[in-house]
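Descriptive analysis of the structure
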Amino acid sequence: MNNKIQYDIFDLIKFIMSIVVVAIHAHPLGEYHYLIYPWARIAVPTFFLISAYLFFFKYDMQDSDVNRYMQLKKFCIRNLKLYLFWFIVLLPITFYTKRYFAGGILKGLIQLFNDFLFSYTFRMSWYIMALILGVIIVCVLTKIPYGNLITFILGIVLNSLCCLLSNYAEVFTGLNSIFKIYPGDFFLSFPVGIIWIFLGKYFSEHNFNKWKTRYIWGGFLVSCLLLACEQKIIFCLGVPEYNDCYFMLWPVCSFMFLLLLRSKINLNNPKLFREVSTVVYCMHGSLLLFVRFFMKWAGISYATLPGSLFCFAFTYVVCFFAAIAIRVIVSKGKFWWIKYAY
């Protein structure tokens with residue numbers, strides 16, 4: 001399989017999914033925002049799958065445990081630098097919204113450390129830490145006897161809990177006690193990502209070329225139909241407080257990923273798509289809070305269709321041009337540290 005083609009399609013799909021993630025949080029359809037669900041929720045599992053696939057594709061090629069450790073260390077450090085960069089840049093918005101030290105310095109430091117590992121500091125940081133912890137956990141568990149089976153079952157159990165705590169929380173009210181036990185947001189932390197990271201690893205280790213494309217398309221379309229049915233059932237049970245996780249995302253995202261692996265696309269500048277998607281993802285959540293604050297101050301409602309469309313468009317355009325500006329600065333060799341933005 002041509003790795004260059006794989007990487008190009010991954011960069012393109014990450015770019016598209018970054019727009020989808022902005023739409024999830026900016027509510028561009030206003031009061032009709034529910035129409036984008038559950039399809040918009042494909043985005044984050046796709047990010048997990050791509051990142052895990054690319055990591056384990058290189059990780060499994062290493063010829064010794066020492067080299068694998070170095071590959072894992074490099075992966076963690078790179079993502080921690082990304083986290084630290086945006087944590088510093090977005091610090092004023094984060095501290096204003098989180099108010100870490102309102103109850104004292106010690107309490108603030110404990111909460112900050114807790115959010116760093118198990119929740120989020122700046123709005124979209126949870127994914128970066130979930131990816132780091134999830135990859136480490138999968139690397140460790142898959143080395144023990146029956147490791148693949150154990151990791152797969154663990155991933156299914158944890159993601160099932162995430163589904164029940166989000167879309168089915170009003171039915172399974174007893175599970176809400178997990179929120180009190182877990183130190184962060186359960187479905188905004190590494191438990192939600194274990195299954196996707198494992199599947200990314202599994203796809204990187206196995207050849208699916210013998211699977212007929214029409215069968216994969218069939219599986220994908222049937223899964224999409226079942227996902228639509230699940231959404232209908234959820235609304236019949238009652239409108240959920242959260243709608244982050246769906247059971248039918250498992251087959252939908254898996255079949256879609258297999259289709260991506262077969263896609264033949266060659267971009268002129270794939271790095272541009274990759275870097276823009278990273279900046280947009282990391283930046284948009286905090287910027288969106290800033291935009292909504294000023295819209296409220298100006299007396300403009302962001303809950304209506306015109307207001308929400310403006311909120312979405314303005315947030316995305318600012319993030320996009322910020323990414324372009326960062327690329328230009330990096331290309332000129334100035335402010336070497338700014339390269340950690342992506």
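Below is a summary of the structure that appears in this document. (Residues numbered from 1 in each chain as written. Predicted model: local features only at pLDDT ≥ 70, side-chain atom pairs only at ≥ 80, totals over all residues. Heavy atoms only, no water.)

**Looking at the overall build of the chain**
Spelled out, the test is: Runs of E in the DSSP output that reach at least two residues are strands. Runs of H or I that reach at least four are helices, and both are numbered from the N terminus. Put simply, the radius of gyration uses C-alpha atoms, and a globule should come to 2.2 Å times the residue count raised to 0.38. Three labels apply to residues, based on accessible area from a 1.4 Å probe with only protein chains included: buried if under 20% of the type maximum, exposed if over 50%, partly exposed otherwise in between. Contacts: residue pairs with any heavy atoms within 4.5 Å of one another. The accessible surface values rely on the Shrake-Rupley method and a 1.4 Å probe; as for residues, cover is taken only from the protein chains in view.
Check the secondary structure of the chain and you find 13 helices and zero strands. For the chain, the sequential pattern of α-helices and β-strands runs α-α-α-α-α-α-α-α-α-α-α-α-α. A globule of 342 residues ought to have a C-alpha radius of gyration of about 20 Å, and the chain, at 20 Å, matches this closely. For the chain, the spread of C-alpha atoms along the principal axes amounts to about 60 × 55 × 45 Å. Here the chain holds 342 residues, and the buried ones make up 50% of them. Of the contacts formed within the chain by residues at least 6 apart in sequence, a portion of 78% connects residues at least 24 apart. For the chain, the exposed area adds up to about 17400 Å²; of that, 70% sits on carbon and sulfur atoms.

**Here's the deal with the packing of helix H10 (residues 213–237) against helix H11 (residues 249–262)**
To be explicit about the condition: Angles here are taken between N-to-C directions and fall from 0 to 180 degrees, while the axes themselves are lines fitted to C-alpha atoms, restricted in helices to the stretch in contact. Should an angle fall under 35 degrees it is taken as roughly parallel, and over 145 as roughly antiparallel, whereas 65 to 115 is taken as roughly perpendicular and any remaining angle as oblique. Each crossing is labelled by how the near helix is turned from the far one, with a counterclockwise turn of less than a right angle marking it left-handed and a clockwise turn marking it right-handed. In this classification, Asp, Glu, Lys and Arg are treated as charged, Ala, Val, Leu, Ile, Met, Phe, Trp, Tyr, Cys and Pro as nonpolar, and every other residue, Gly included, as polar.
Following both chains from N to C, one finds H10 and H11 inclined at 150 degrees, their axes separated by 8 Å at the closest point. What the angle tells us is that H10 and H11 run roughly antiparallel. Note on packing geometry: the crossing formed by H10 with H11 is left-handed. Residues Thr-213, Ile-216, Trp-217, Gly-219, Phe-220, Ser-223, Cys-224 and Leu-227 of H10 lie in contact with H11, whose contacting residues are Leu-249, Pro-251, Val-252, Phe-255, Met-256, Leu-258, Leu-259 and Arg-262. Residue composition of the contact of H10 with H11, by class: 12 nonpolar, three polar and one charged.

**What to know about the state of the cysteines**
Threshold: Any cysteine sulfur atom paired with another within 2.5 Å is treated as part of a disulfide.
Taken as a whole and assessed by the stated rule, the structure comprises zero disulfides. Sulfur of Cys-282: no disulfide; nearest cysteine sulfur belongs to Cys-319 and is 9.9 Å away. A residue is classified by how much of its surface remains accessible, and Cys-319, at 0% relative accessible area, is buried.

**Let's talk about the pattern of salt bridges**
Pairs may arise between side chains of opposite charge once their charged atoms sit close together. Put simply, the rule is: A pair is scored as a salt bridge if a Lys or Arg side-chain nitrogen falls within 4 Å of a carboxyl oxygen belonging to Asp or Glu.
Taken as a whole and assessed by the stated rule, the structure comprises eight salt bridges. The shortest N-O distance in the salt bridge between Asp-65 and Arg-68 comes to 3.4 Å. Taken together, the residues span about one helical turn, with Asp-65 and Arg-68 both in helix H3 (residues 65–89) at a distance of three residues. Its relative accessible area of 23% is what places Arg-68 among the partly exposed residues. Here Arg-327 makes a salt bridge to Glu-275, at a shortest N to O gap of 2.5 Å. Here Glu-275 lies in helix H12 (residues 270–297) and Arg-327 lies in helix H13 (residues 305–331), a separation of 52 residues in the sequence. Ionic contacts of the salt-bridge type, sharing partners, join the residues Asp-65, Arg-68 and Lys-143 into one network.

**Examining H11**
Applicable threshold: By definition here, a helix of n residues has an expected span of 1.5 Å times n minus one.
Between its first and last C-alpha, H11 extends 20 Å over 14 residues, near the 20 Å set by a 1.5 Å rise per residue. For H11, the tally of buried residues reaches 11 of 14 residues, placing the bulk of the element in the interior. Of all the residues in H11, the buried ones are Leu-249, Trp-250, Val-252, Cys-253, Ser-254, Met-256, Phe-257, Leu-258, Leu-259, Leu-260 and Leu-261.

**Topic: the packing of aromatic side chains**
Keep this limit in mind: Stacked, edge-to-face and tilted labels apply to pairs of Phe, Tyr and Trp rings (six-membered ring for Trp) whose centres lie within 6.5 Å, assigned for plane angles under 30 degrees, over 60, and everything in between, in that order. Lysine and arginine charges are scored as sitting over a ring when NZ or CZ, respectively, is within 6 Å of the ring centre and within 35 degrees of the ring normal.
Throughout the structure, instances matching the rule amount to 44 aromatic pairs. Judged by centre distance (5.1 Å) and plane angle (80 degrees), the ring pair of Phe-15 and Phe-273 falls under edge-to-face. Linking Phe-15 in helix H1 (residues 3–26) with Phe-273 in helix H12, this pair joins segments that are 258 residues apart in sequence. Residue classification places Phe-15 among the buried positions, given a relative accessible area of 17%. Geometrically, the ring pair formed by Trp-336 and Tyr-340 is edge-to-face, given 6.1 Å between the ring centres and 85 degrees between the ring planes. Residue Tyr-340 is classed as partly exposed on the basis of its relative accessible area of 25%. The structure contains a cluster of three or more aromatic residues connected by ring pairs, namely Phe-10, Tyr-53, Phe-57, Phe-152, Phe-198, Tyr-202, Phe-203, Phe-208, Trp-211 and Phe-257. Directly above the aromatic system of Tyr-120 lies the positively charged group of Lys-98, at a separation of 3.9 Å from the ring centroid. Positioned above the aromatic ring of Tyr-96 is the side chain of Arg-99, whose terminal nitrogen or guanidinium carbon lies 5.0 Å from the ring centre.

**What to know about helix H2 (residues 43–59)**
The end-to-end C-alpha distance of H2, which contains 17 residues, comes to 24 Å, matching closely the 24 Å that a straight helix rising 1.5 Å per residue would cover. The buried fraction of H2 is high, at 14 of 17 residues.

**A closer look at the side chain of Ser-254**
Within the secondary structure, Ser-254 is located in helix H11. Using a relative accessible area of 14% as the deciding quantity, one classes Ser-254 as buried. Setting aside anything within four residues of it in sequence, one finds Ser-254 in contact with Leu-199, Phe-203 and Leu-249.

**Considerations on a nonpolar patch on the surface**
The condition that has to hold: Distance thresholds for patches are 9 Å for like charges and 5 Å for nonpolar side chains (Val, Leu, Ile, Met, Phe, Trp, Tyr), applied to residues having over 30% relative accessible area and no salt bridge.
On the surface, Ile-144, Tyr-146, Leu-149, Ile-150, Phe-152, Ile-153 and Val-157 cluster together into a nonpolar patch covering about 670 Å² of accessible area. Summarising the element assignment, Ile-144 is placed in the loop between helix H6 (125–141) and helix H7 (147–166).

**Structural notes on the nonpolar core**
What counts, and what does not: Buried Ala, Val, Leu, Ile, Met, Phe, Trp, Tyr and Cys residues form a nonpolar core when they are joined through side-chain atoms within 4.5 Å.
Phe-48, Trp-86 and Trp-126 are the most contacted members of the largest nonpolar core, which has 109 residues in total. Setting aside residues no more than four positions away along its own chain, Phe-48 makes contact with Trp-126, Tyr-127, Ala-130, Leu-131, Val-192, Gly-193, Trp-196 and Ile-197.

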